[in-house]
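For reference, the chains in residue letters:
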Amino acid sequence: MSGVWGWFGGQSAQSRKDSPKNAILGLRSQLEMLQKRERHLQNQMDEQDTIARKNVSTNKNAARAALKRKKQHEHTLEQTSAQIATLEQQIYSIEAANINRETLAAMERAGEAMKQIHGKLNIDKVDETMEKLREQHALGEEIAQAITSAPIGEPIDETELDDELAELEQEQLDNKMLKTGTVPVSDEIHRLPAAANGEIKGKAHAEEEDEEEELRKLQAEMAM
């Protein structure tokens, strides 16, 4: 009676935890003893069977007595086998119950851990946190857009750039023409020495006078 009351209130938590283990150890010890007895009875039956076979023709009384002892051992063996089966079933049941209890205890500890982790969290706080994260993300996008799109410094006059580019192209073309000798004729005449320039103009004037003289001769011939 005291053992029952001890289980419900008198035993400590550690004792209650070790009770299944101790029960299994006790059952296994008893099972081992019964299995040894089972092997011993089987040997006794084989021995009596051998005696009966040996004396069946020569000494029937001895053979009968051997068969009687064999029957007794056989009956005891059947009882022992039944006890072994019962103990094995009890061991299995206690082990399964102990596993169930440990599994439930582990699940309870997991529930308590999750409860502590969640603490004062609720769906409203989660939604509020996610909304703040979305706002900060949108703000970051706006800042990045402003940084990459805003021009730095004064705007550049595109027309002025086009004029400077045209001047550079003309300067490059002039340099190329001077290096290759393809300078315009008018520029070459102005670059000649003064004496040569006057000589060319004199030749042009003489050619004009010759043409006028030929024209006057032609007019006189036609008048005749």
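Keep in mind that what you see is a predicted model, and the values were worked out from it rather than measured.

## A look at the overall build of the chain
Scanning the chain from N- to C-terminus turns up 7 helices and 0 strands. Looking at the 224 residues of the chain, the share that counts as buried comes to 10%. Across the chain, the fraction of contacts at a sequence separation of at least 24, relative to all contacts at a separation of at least 6, is 69%. Per element, the accessible surface of the chain, about 19200 Å² overall, is 56% carbon and sulfur.

## Structural notes on a negative patch on the surface
Together, Asp 157, Glu 158, Glu 160, Asp 162, Asp 163, Glu 164, Glu 167, Glu 171 and Asp 174 line one region of the surface with negative charge. Taking the relative accessible area as the measure of exposure, Glu 160 reaches 44% and is therefore partly exposed.

## Notes on a nonpolar patch on the surface
A surface patch of nonpolar side chains, about 370 Å² in accessible area, is lined by Ile 123, Val 126, Met 130 and Leu 133. Along the chain, Val 126 falls in helix α4 (residues 123-149). Overall, the relative accessible area of 39% leaves Val 126 in the partly exposed class.

## Some thoughts on α4
Taking 1.5 Å as the rise per residue, α4 with 27 residues should run 39 Å; its terminal C-alpha atoms sit 39 Å apart, in good agreement. Measuring from the side-chain oxygen of the N-cap residue of α4 to the backbone nitrogen of Asp 124 gives 3.1 Å; that N-cap residue is Asn 122.

The rules we used
- Residues numbered from 1 in each chain as written.
- Predicted model: local features only at pLDDT ≥ 70, side-chain atom pairs only at ≥ 80, totals over all residues.
- Heavy atoms only, no water.
- Helix = DSSP H or I, 4+ residues; strand = E, 2+ residues; numbered from the N terminus.
- Buried < 20%, exposed > 50% of the residue type's maximum accessible area, 1.4 Å probe, protein only.
- Contact = heavy atoms within 4.5 Å.
- Areas by Shrake-Rupley, 256 points an atom, 1.4 Å probe, with all protein chains shown as cover.
- Patch = residues over 30% accessible without salt bridge, like charges linked within 9 Å, V, L, I, M, F, W, Y side chains within 5 Å.
- Salt bridge = Lys/Arg side-chain N within 4 Å of Asp/Glu carboxyl O.
- Lys, Arg positive; Asp, Glu negative; His and termini not counted.
- Charge placed at Lys NZ, Arg CZ, Asp CG, Glu CD.
- Expected span 1.5 Å × (residues − 1).
- Polar contact = N/O pair within 3.5 Å; in protein donor to acceptor, adjacent residues only side chain to side chain.

So, to be careful, I would describe these as geometric facts and stop short of saying anything about function.
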